[in-house]
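Next come the chains, spelled out residue by residue.
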Amino acid sequence: MNFQAIKSIYKYEMARMFRTAVQSIVAPVLSTSLYFVIFGAAIGSRITEIDGVSYGAFIVPGLIMLSIMTESISNSSFAIYFPRFTGTIFEVLSAPVSWVEVMIGYVGAAATKSVLIGSIIFITANFFVDIDLAYPLVALLFLVLTSIAFCLFGFILGIWADGWEKLTIVPILVIMPLTFLGGTFYSISMLPETWQTISLFNPVVYLISGMRWSFYENADVSVALSLGMTISFLLACLFVVRWIFTTGYRLRT
Amino acid sequence: MSSILSVRQLGKTYAGGVVALKDVDLEIERGEIFGLLGPNGAGKTTLINIVCGMVNPTYGTALVDGHDIVRDFRKTRSIIGLVPQELPVETFETVWKTASFSRGLFGKPPNPEHVEKVLRSLSLWDKRDARIIELSGGMKRRVLIAKALSHEPELLFLDEPTAGVDVELRQDMWNVVRELRESGVTVILTTHYIEEAEEMADRVGVINHGEIILVQDKNTLMRELGKKELTLHLSEPLPGVPPGLDGYRVVLSDDGSELTYHYDTKEEHTGITALLASLQAEGIRFNDLNTSQSSLEEIFVDLVKRPA
Ligand SMILES: Nc1ncnc2c1ncn2[C@@H]1O[C@H](COP(=O)(O)OP(=O)(O)OP(=O)(O)O)[C@@H](O)[C@H]1O
Ligand SMILES: [Mg+2]
């Protein structure tokens, strides 16, 4: 294992992040604040409590998940697509590193950023509503696992994409609908029965539900199932990354 | 002593069906400077990229310092430095940071003194805090060289290091390469500029259509293949080539003061003795003479133009 290489990639990526701190941290905080103003304050004031939680507080776990999923994908896909696009990836490909080091470096940095963003959003939310956090460590676990899983997914996307369009279309076409229909703004139990069943095929439902459980101890599905789904998704992405690097798919000719 | 690079029966066919390399065999000695010459599309970059791990070979093997480039890639790649042909547009990072990054990526612990030494040798020290995007093309190429040298490679590939580089920088680079050789680094450079190989290389390999068609010591090559020309500075100008010299391929200069004779050093009889005897018979006197060798460039064009 080339630890120097992991450290180098990680540091390099973190430096890049702080150089673009405005767009990478301020932007998600701003957009989350807007959700609070619109859904929490304006509309939420007319919605009664859900499962004994005020609407403004109810959407917090979902909003955190929503942000870190989209941020993880876009940051991590960009991190690996950009060097491919400019050609600087040659250095990583010719370095004495295996896919494990490359992945830990890039995904680790992107996931760190996501966890930071998630924490900042949580702090921001406290300015808008009163939040009880029942199980902080479980919340942190979901935050970290989801960040890593979606950063891995973004990493795959960044390697698969052969143009900027593909890089942006997947988050919009696939991830956006899944996250919006994943129960950020409502409880699955509020849906008609057919839609409840359909929702269970949406992996994001499990992630958001798990996060909400760690806040308010109520959830759409059991927390163990949520955790299981998160870990399964993470492992699936891990296997794809491994396959990509061992076959050289889109990286080596 | 074993070779630092040993390429055995290496072949590459790209997905599109382009055969870029065919049965390439090549041995590079430790500490030498090897010039790989070939026209566009000959397969130079493909060969380098396979050894560096960016392209998978279709068949064959390559050993770096006795280690297989696929099985022992960690070992081989940590030995190799690569300066690619294309200039990848590095983004907003500074010269210092990008060089330090390369060092870490190749598994070497931080060593600011070494990075400083490399930057100074490439006249980049003043630019260490400049962002790469602000540098000129020639400077960017120096940065790429600095990145490759930052991790102290034993084997350095320079893929057309002086393409698009001004004369001064080219001289600088040649000096850097010489210093590297003195410190024991093996350098393999590809180039279209024949004078570069002529100036720098200890040995020269010529590749064409994916096949190595010749590998030879540069001086031997030039001696064996070189055509020479003998110029006689006459004591008195001649109005024309005297009839007695008709049998020789001699050319008289416009002002009639110089006679030039072309001969091939490979031929058994160069004809020089006979020519000089004929000159004496004609009573032509000369007060100086010199010979000059044709450049590697002419040799190279000669080789590549030959039918396969
Ligand atoms: N990624 C690729 N996919 C398909 N064909 C390729 C690829 N890279 C190179 N080739 C082809 O392989 C052949 C050898 O190319 P290569 O780049 O190795 O030549 P070269 O000797 O470096 O040429 P130049 O002097 O122009 O740099 C060419 O015919 C080229 O078109
Ligand atoms: Mg080339």
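Let me sum up the structure you'll find in this document. (Residues numbered from 1 in each chain as written. Chains lettered and ligands numbered in written order. Predicted model: local features only at pLDDT ≥ 70, side-chain atom pairs only at ≥ 80, totals over all residues. Heavy atoms only, no water.)

A count of helical and extended segments in chain A gives 10 helices and zero strands. For 253 residues, the compact-globule estimate of 2.2 N^0.38 gives 18 Å, and chain A sits close to it at 19 Å. When burial is assessed residue by residue, chain A has 53% of its 253 residues classed as buried. Total accessible area on chain A stands at roughly 11100 Å², and carbon and sulfur atoms take up 71% of it. Here chain A contributes 12 positively and 13 negatively charged side chains, and the mean placements of these two sets differ by 15 Å. (Helix = DSSP H or I, 4+ residues; strand = E, 2+ residues; numbered from the N terminus. Rg over C-alpha atoms; globule rule 2.2 N^0.38 Å. Buried < 20%, exposed > 50% of the residue type's maximum accessible area, 1.4 Å probe, protein only. Areas by Shrake-Rupley, 256 points an atom, 1.4 Å probe, with all protein chains shown as cover. Lys, Arg positive; Asp, Glu negative; His and termini not counted. Charge placed at Lys NZ, Arg CZ, Asp CG, Glu CD.)

Here we come to the pairing of strand β13 (residues 258–264) of chain B. All names here are of chain B. Among the seven residues that make up β13, five are buried, leaving the element largely enclosed by the rest of the structure. The pairing of strand β12 (residues 250–252) with β13 spans three bridges and is classified as antiparallel. Note on β13: the bridge partner recorded for Leu-252 is Leu-259. Hairpin geometry of β12 and β13 is characterised by an intervening segment of five residues between the two adjacent antiparallel strands and by a positive phi of about 75° at Gly-256. (Pairing = 2+ DSSP bridges.)

Residues and elements named next belong to chain A. Within this structure, the stated rule accounts for 19 aromatic pairs over all chains. With centroids separated by 5.8 Å and ring planes inclined at 70°, the aromatic side chains of Phe-122 and Phe-215 adopt a geometry described as edge-to-face. Taken together, the residues span a long stretch of sequence, with Phe-122 in helix α5 (residues 99–128) and Phe-215 in helix α9 (residues 203–216) at a distance of 93 residues. Among the residues examined, Phe-215 registers a relative accessible area of 3% and is labelled buried. Among the aromatic residues, ring-to-ring pairing joins Phe-78, Tyr-81, Phe-82, Phe-85 and Trp-164 into one connected group. Of note, Lys-166 hangs over the ring of Trp-160, and the distance from its end group to the ring centre comes to 4.8 Å. (Phe/Tyr/Trp six-rings, centres within 6.5 Å; stacked < 30°, edge-to-face > 60°. Lys NZ or Arg CZ within 6 Å of the ring centre and 35° of its normal.)

Another point: the coordination of the magnesium ion (ligand 2). Residues and elements named next belong to chain B. Of the protein atoms, only Thr-45 (OG1) and Gln-85 (OE1) coordinate the magnesium ion (ligand 2), at distances of 1.9 to 2.1 Å. Within this pair, whereas Thr-45 is found in helix α1 (residues 44–52), its partner Gln-85 is found in the loop between β6 (80–83) and α3 (95–105), the two being separated by 40 residues in sequence. Take Thr-45: its relative accessible area is 26%, and that puts it in the partly exposed class. (Donors = N, O, S within 2.8 Å, 3.2 Å for Na, K, Ca; no water.)

The subject of this paragraph is the site of ligand 1. All names here are of chain B. Around ligand 1, a shell composed of 15 residues is seen, among which Asn-40, Lys-44, Thr-45, Thr-46 and Gln-85 lie nearest. A distance of 2.7 Å separates an oxygen atom of ligand 1 from a polar side-chain atom of Gln-85. One of the side-chain N or O atoms of Glu-160 is found 3.2 Å from an oxygen atom in ligand 1. Sorting elements by how many residues they give to the shell around ligand 1 places α1 first, with three residues. (Near = heavy atom within 4 Å. Polar contact = N/O pair within 3.5 Å; in protein donor to acceptor, adjacent residues only side chain to side chain.)

Next up on the list: the interface of chain B and chain A. Taken together, the contact between chain B and chain A spans 31 residues of the former and 25 residues of the latter. Each partner contributes to the roughly 2500 Å² buried at the junction of chain B and chain A, and carbon and sulfur atoms together form 58% of this total. When the area that chain B buries against chain A is broken down by residue, the three leading residues are B:Arg74, B:Phe101 and B:Leu105, summing to 26%. In this assembly, chain B and chain A are joined by three salt bridges. (Contact = heavy atoms within 4.5 Å. Buried area = accessible area lost by both parts, 1.4 Å probe. Salt bridge = Lys/Arg side-chain N within 4 Å of Asp/Glu carboxyl O.)

The subject of this paragraph is the sheet that holds strand β1 (residues 5–13) of chain B. Residue and element names in this part refer to chain B. Spatially, four strands are ordered β2-β1-β4-β5 in an open sheet, and the strand pairing comes out antiparallel. Of all strands in the sheet, those bounded by a partner on one side alone are β2 (19–28) and β5 (67–68). Across two bridges, strand β4 (residues 59–64) lies against β5 in antiparallel orientation. Residue pairing across strands places Leu-63 opposite Asp-68, the latter belonging to β5.

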